[in-house]
Amino acid sequence: AAVLHVAGARPNFPKAAPVIRALDRFGIRQRLIHTGQHYDERMSDVFFRQLGLREPDINLGVGSGSHASQTAAIMTHLEELLVADPPELTVIYGDVNSALAAALVATKLHIPVAHVEAGLRSFDRSMPEEVNRIVVDRVSDLLFATSPDAAVHLGNEGIAADRIYLVGNPMIDTLLDNLDRFDIAGIRAALALPDRYIVATLHRPANVDDPVDANDLVKAMHSVADQIPVILPLHPRGRSHLENAGLLSHRALRVVEPLGYIEFVSLVRGAAAVVTDSGGVQEETTMLGVPCLTLRPNTERPITITHGTNRLVSRAALAEVVASTLKAERPATWRTPPLWDGKAGERIAEVIAGELGL
Ligand code: UD1
Ligand code: UDP
């Protein structure tokens, strides 16, 4: 195939869908490799079904492991495939280990790499994703930035301006494409939720991997549930730590399995506020105008703060910030970040088509 996409973890799928669709319109031959980094039905298959994403041509089935073993497994399998049938271009998404592995393999085989969501920086190398972002951008040939700050970071790191494309946000393409499928009343009824509730998601290692932090986090989440019902579709990572720390013992905090994309964004759209440590959810709430409280000391997506509805908050301050957020009017002043208009996939496809000489 001319273009090979490598995806593997939940947040990759809503980013890849609009790019693949737009490249299809150019009649470009494409293959999709799923690394198998995420493999539960609810972390992977449901996105393919709901987003009409083509079936992966191959699933490497690498599964979970340490950073080194997971990254190495993807690299070893992918190298074989790329040697046997080299594409003209490899496209990778975001900052997950699947993207890192694919970037390293492709670039060493002299296959150009296009990075979708390039240039995001938290400037916090204790985050595994920050290391992945830096390395991936360093070796990528085409860098697609979702926000002006990201393009600036790439320039500051010495990447030539003619390789950096500010194209907008393909994850937001997916959100806008599906707006009329987000059914607030339907999801409230399905989950027997009241009109006012908070949605939470938690999966960052810095929040859930350490049992002591997990205790603090559970206390903070319980202090939210003291004020308003909380629904928490819980990522598998850290689940046992949080449960051991007593997460399930509050009547107003409901933990459910990870939700499908349509159900999840419906829930977010109807929420009084969101508490999260996700990257993508900071962007989706910004687009929907739903207040977002991000349980992290920093964000690689500062535009969600300067333009959007996002705010960084510590575990210790969470209860108070939730109280003030619930009292405030819904933010009326938020602006949509530039180029978050549903056309990022098309812009990316145009650049790629040009690169392939079409
Ligand atoms: C990964 C990404 C992170 C991203 C997140 C999105 C890296 C380094 N991290 O983190 O940037 O925000 O995905 O969701 O790439 N597990 C399951 N079922 C699955 C997948 C994972 O049970 O389908 C469990 C396993 O116990 C596994 C753990 O979750 O060890 C972590 O999975 P992994 O893919 O290593 O990292 P995430 O925390 O999901
Ligand atoms: N998401 C979902 N179901 C859930 C939680 C999240 O469909 O139960 C979607 C969310 O809308 C967004 C993506 O998953 O599109 C974000 O993935 P995640 O938070 O796992 O990763 P991150 O963005 O932090 O890397």
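Note that the structure is predicted; figures quoted are calculated from it, not measured.

The rules behind these values
- In this numbering scheme, every chain counts its residues from 1 along its sequence in written order.
- Chains carry letters from A onward and ligands carry numbers from 1 onward, assigned in written order.
- Local features in a predicted model are, by the rule used here, given only for residues with pLDDT of at least 70; side-chain atom pairs are given and counted only at 80 or more, and totals for whole chains, interfaces and linings are based on all residues.
- Remark: hydrogens and water are excluded; side-chain values derive from all non-hydrogen atoms of the structure.
- If DSSP finds at least two bridges between two strands, the strands pair.
- Only DSSP runs of H or I reaching four residues or more are called helices, and only runs of E reaching two or more are called strands; each is numbered from the N terminus.
- Nearness of a residue to a molecule or strand requires only that one of the residue's heavy atoms be within 4 Å of it.
- Identification of polar contacts relies on pairs of N or O atoms within 3.5 Å, with a donor-acceptor requirement for protein atoms, meaning one able to donate a hydrogen and the other able to accept it, and with residues adjacent in sequence counted only if both atoms are side-chain atoms.
- Residue-level accessible areas treat just the shown protein chains as cover; the underlying method is Shrake-Rupley with a 1.4 Å probe.
- Either an automatic procedure or a domain database provided the assignment from which the domain bounds are taken.
- Whether a residue is buried, partly exposed or exposed follows from its accessible area with a 1.4 Å probe, protein chains only, as a fraction of its type maximum: under 20%, in between, or over 50%, in that order.
- Every residue pair with non-hydrogen atoms within 4.5 Å of one another is taken to be in contact.
- Following the grouping adopted for this structure description, the nonpolar residues are Ala, Val, Leu, Ile, Met, Phe, Trp, Tyr, Cys and Pro, the charged ones are Asp, Glu, Lys and Arg, and the polar ones are all others, Gly among them.
- In a helix, the anticipated span is given by 1.5 Å times the number of residues less one.
- Nonpolar cores were defined as sets of buried Ala, Val, Leu, Ile, Met, Phe, Trp, Tyr and Cys residues, with membership established by side-chain atoms within 4.5 Å.
- Whenever a helix is involved, its axis is fitted only over the stretch in contact; in every case the axis is a line through C-alpha atoms, and angles between N-to-C directions fall within 0 to 180 degrees.
- Looking down the strands as they point away from you, a crossover is right-handed if its path from the first strand over the helix to the second goes clockwise.
- Any two rings among Phe, Tyr and Trp, with Trp reduced to its six-membered ring, count as a pair given centres within 6.5 Å; such a pair is stacked if its planes are under 30 degrees apart, edge-to-face if over 60, and tilted if neither.
- As a working definition, buried area equals the accessible area (1.4 Å probe) given up by two parts on being put together, with both sides summed.

**Regarding the pairing of strand β10 (residues 253-256)**
Piece 1. Two elements, strand β9 (residues 230-233) and β10, share four bridges in a ladder whose sense is parallel. Bridging across to β10, Ile 231 finds its partner in Arg 254.

**Considering the site of ligand 1**
Piece 1. Of all residues adjacent to ligand 1, which total 18 residues, the nearest are His 38, Asn 97, Glu 129, His 203 and Arg 237.
Piece 2. Contacts to ligand 1 include Asn 97, whose backbone N or O atom sits 2.7 Å from an oxygen atom.
Piece 3. Here Glu 129 contributes a side-chain N or O atom positioned 2.6 Å from an oxygen atom of ligand 1.
Piece 4. Contact with the protein chains hides 85% of the accessible area of ligand 1, taken as 740 Å² for the molecule alone.
Piece 5. Built from parts of two domains, the shell around ligand 1 gets at least three residues from each of domain 1 (3-168 + 343-355) and domain 2 (180-327).

**Observations concerning the side chain of His 38**
Piece 1. Positionally, His 38 belongs in the loop between β2 (30-34) and α2 (45-51).
Piece 2. A residue is classified by how much of its surface remains accessible, and His 38, at 17% relative accessible area, is buried.
Piece 3. Polar side-chain contacts of His 38 include one of 2.9 Å to the backbone nitrogen of Arg 10.
Piece 4. Sequence-distant contacts of His 38, defined by excluding residues within four places in its chain, comprise Gly 8, Ala 9, Arg 10, Met 43, Ser 44 and His 235.

**A few points about the site of ligand 2**
Piece 1. Not every one of the 18 residues close to ligand 2 is listed here, only the nearest: Arg 204, Leu 259, Ser 278, Gly 280 and Glu 284.
Piece 2. At 2.7 Å, a backbone N or O of Gly 280 approaches an oxygen atom of ligand 2.
Piece 3. Computed on the free molecule, ligand 2 has an accessible area of 530 Å², of which 97% lies beneath the protein chains in the complex.
Piece 4. By residue number, the principal contributor to the shell around ligand 2 is helix α12 (residues 261-269), which donates three residues.
Piece 5. Of the residues contributing to the shell around ligand 2, the split by class is 10 nonpolar, five polar and three charged.
Piece 6. Each of two domains, domain 1 (3-168 + 343-355) and domain 2 (180-327), supplies a minimum of three residues to the shell around ligand 2.

**Things to note about helix α5 (residues 128-139)**
Piece 1. The first and last C-alpha atoms of α5 sit 17 Å apart over 12 residues, in line with the 16 Å expected at 1.5 Å per residue.
Piece 2. Contact partners of the buried residues in α5: β4 (89-93), α4 (97-108), β5 (113-118), β6 (142-145) and α6 (148-156).

**Concerning the nonpolar core**
Note that soluble globular proteins tend to have their nonpolar side chains buried in a common cluster.
Piece 1. If you look at the biggest cluster of nonpolar residues, it comprises 56 residues, and the most contacted ones within it are Phe 144, Leu 267 and Ile 352.
Piece 2. Counting residues per element, this core draws most heavily on helix α1 (residues 12-25), which supplies seven residues.
Piece 3. In this structure, this core is formed jointly by two domains, domain 1 (3-168 + 343-355) and domain 2 (180-327), each of which donates at least three residues.
Piece 4. Apart from the residues within four sequence positions on either side, Ile 352 is in contact with Val 3, Leu 23, Leu 89, Val 91, Leu 142 and Phe 144.

**What about the sheet that holds strand β12 (residues 292-294)?**
Piece 1. Spatial ordering of the open sheet is given by β10-β9-β8-β11-β12-β13, a layout of six strands whose pairing is parallel. Both outer strands of the open sheet, β10 and β13 (310-312), are each paired with one neighbouring strand and no more. Taking each pair of neighbouring strands and ignoring which way they run, the sheet shows an average axis angle of 20°.
Piece 2. Bridge count for strand β8 (residues 198-201) against β9 is two bridges, and the pairing is parallel. When the sheet's bridge partners are listed, Ile 198 is paired in β9 with Val 230.

**Quick notes on the pairing of β6**
Where a strand is regular, its side chains alternate between the two sheet faces.
Piece 1. Of the two faces of β6, the one lined by Leu 142 and Phe 144 and the one lined by Leu 143 and Ala 145 are each fully buried.
Piece 2. As defined by bridge partners, β5 adjoins β6 across four bridges and the pair is classed as parallel. If you follow Val 116 over to β6, its bridge partner there is Phe 144.
Piece 3. Between the parallel pair β5 and β6, the chain is carried across by α5, and the sense of this crossover is right-handed.

**So, the packing of aromatic side chains**
Piece 1. On inspection of all chains with the given rule, the structure shows five aromatic pairs.
Piece 2. Summarising the aromatic geometry, the rings of Phe 13 and Phe 48 are spaced 4.9 Å apart at their centres and angled 55° between planes, so their arrangement reads as tilted. Taken together, the residues span a long stretch of sequence, with Phe 13 in helix α1 and Phe 48 in helix α2 at a distance of 35 residues. The same class applies to Phe 13 as to Phe 48, namely buried.
Piece 3. The structure contains a cluster of three or more aromatic residues connected by ring pairs, namely Phe 13, Phe 47, Phe 48, Phe 182 and Tyr 261.

**Points about the domain arrangement of the chain**
Piece 1. Annotation of the chain at the domain level lists domain 1 (3-168 + 343-355) and domain 2 (180-327).
Piece 2. Relative to domain 2, the C-alpha centre of domain 1 lies at a distance of 27 Å.
Piece 3. Facing 23 residues of domain 1, the contacting portion of domain 2 comprises 19 residues.
Piece 4. Approximately 1,700 Å² of surface area, both sides summed, lies buried where domain 1 meets domain 2, with 54% of it carried by carbon and sulfur atoms.
Piece 5. The three residues of domain 1 that bury the most area against domain 2 are Arg 10, Arg 42 and Gln 50, which together make up 31% of that side's buried surface.

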